[in-house]
Amino acid sequence: MTQEAWLSKRLSDGQVLCQACAHACKLQEGEYGICGVRQVQKGELQLLVYELVSAAHIDPIEKKPMFHFLPTSKAFSVGTIGCNFSCLFCQNHSISQYPKENSHKIVGQKLTCKEIVALAIEHQCQSIAYTYNEPIVFFEYTYETAKLAHESGLKNIYVTSGFETRKAIDLLAPFLDGMNIDIKSFSDEFYRKICGARLKPVLEAVKYAYQKRIWIEITTLLIPDKNDSDEEIRSIAKFIASVDTSIPWHLSAFHPTYKMLDTPNTPKATLRRAYKIAQEEGLKYVYVGNIDDEDYESTYCPRCKEKVIKREGHIGQYVTNKLNEKGICCYCGYKIEGVWT
Ligand code: SF4
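Here's what I pulled together on the structure shown here. Bear in mind that the values here come from a model prediction, so they are computed numbers and not experimental data. (Residues numbered from 1 in each chain as written. Predicted model: local features only at pLDDT ≥ 70, side-chain atom pairs only at ≥ 80, totals over all residues. Heavy atoms only, no water.)

This part takes up the packing of helix α3 (residues 113-122) against helix α4 (residues 139-151). Packing of α3 against α4 leaves a shortest axis separation of 9 Å and a crossing angle of 45 degrees. Between α3 and α4, the crossing angle belongs to the class labelled oblique. Handedness of the α3/α4 crossing: right-handed. Of the residues in α4, those in contact with C113, K114, I116 and V117 of α3 are Y141, E144, T145, L148 and A149. Residue classes in the contact of α3 with α4 are distributed as six nonpolar, one polar and two charged. (Axes fitted to C-alpha atoms, helices over the stretch in contact; angles between N-to-C directions. Helix = DSSP H or I, 4+ residues; strand = E, 2+ residues; numbered from the N terminus. Parallel < 35°, antiparallel > 145°, perpendicular 65-115°, else oblique. Left-handed = near helix turned anticlockwise from the far one by under 90°. Contact = heavy atoms within 4.5 Å. Nonpolar A, V, L, I, M, F, W, Y, C, P; charged D, E, K, R; others polar.)

Below, the structure written as structure tokens:
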């Protein structure tokens, strides 16, 4: 189903500029954006996947991962096809790269914005997560759904690569309660060669979303010999700390997939090394993920050091929460930063 992509602008030379992400595609009649789901038709930019999902599931919030956001709650999670990145290690490449790898074919199951909200309520979810593929490429669909979700008392979460423009963040901010943003590397070369993107807009988006008071958590997939040097890990940690030492950082294990089948799994020792570096740089909440390591996926009170949220399991989904409903540590009274109600 198509819908006019109103986050766009007609240029004096007749091209149409998409203002959703930092690629800033300038498109002529009939052309598709890099994401493959936005196309100029009859002089207007159209979103081709409006109300067309590729996947819809009820997930534990911990799976996003969001660890300081309504722990133990469920997130109604939706995605479409298409992506503005082309990561060689994408775990969801069958949907994210679908239009590019199938001659711009558009597929999906019809699910209206209203139906998403109704299903979330029916299944006792406290939030809607826009995830599986990059949500900014289906911005208008997320925006309309998020607005309705807020009217029904649900929260909204973007799980994103952080390529949103300021304009997109401005529009989303009133309805977006949380974002998990990937910082995939601290090297622009990595972003260009491995992801088909750039580093700087991601760092800008993190800072801007933070300024807009959206709750942020960061994820970095550590890939052996690609982005796992002490120096690079420390650079990312320093950047996060420069924004706020309370931002949780998820260090995630790579498993061979898609076009990186020859790269080995991330050893547990690498994740623990990165964890230590992050702590040295002053980050208060560091987690390892995609691997079973209970002591490293639990939350510790920064003041009294007690384990206040115990998480177990591959995605930390088995949770024992020792915080009260305001996020206060039951041992010493420290307020753990996050979204708790
Ligand atoms: S959302 Fe798609 S069309 Fe728009 S700028 Fe990004 S890649 Fe280009």
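A word on the site of the ligand. The environment of the ligand is made up of C18, A20, C21, H23, A24, C25, G33, I34, C35, R38 and N84. For the shell around the ligand, the per-class residue count stands at seven nonpolar, three polar and one charged. (Near = heavy atom within 4 Å.)

Let us now look at the pattern of salt bridges. In this structure the tally under the stated criterion is 17 salt bridges. Between R38 and E140 there is a salt bridge, with its nearest N and O atoms 3.0 Å apart. Here R38, found in strand β5 (residues 38-41), pairs with E140, found in helix α4; they are 102 residues apart in sequence, far enough to count as distant. Look at R38 and you get buried, because its relative accessible area is 2%. For D230, the salt bridge is made with R273, and the minimal N-O distance between the two is 2.5 Å. Placement of the pair is D230 in helix α8 (residues 230-243) and R273 in helix α9 (residues 268-280), with a sequence separation of 43 residues. Here R273 falls in the partly exposed class, since its relative accessible area comes to 27%. (Salt bridge = Lys/Arg side-chain N within 4 Å of Asp/Glu carboxyl O. Buried < 20%, exposed > 50% of the residue type's maximum accessible area, 1.4 Å probe, protein only.)

This next bit is on the nonpolar core. Grouped together as the largest cluster of nonpolar side chains are 98 residues, with contacts concentrated most on F89, I183 and W249. A domain-level breakdown of this core finds at least three residues from each of domain 1 (3-47) and domain 2 (52-321). Grouped together as the second largest cluster of nonpolar side chains are twelve residues, Y285, Y287, V319 and Y334 included. (Core = buried A, V, L, I, M, F, W, Y, C linked by side-chain atoms within 4.5 Å. Domains from an automatic or database assignment.)

Within the secondary structure, F186 sits in the loop between β13 (178-182) and α6 (188-195). If we skip the residues at most four places from it in the chain, F186 touches L199, L203, E232, S235, I236 and F239.

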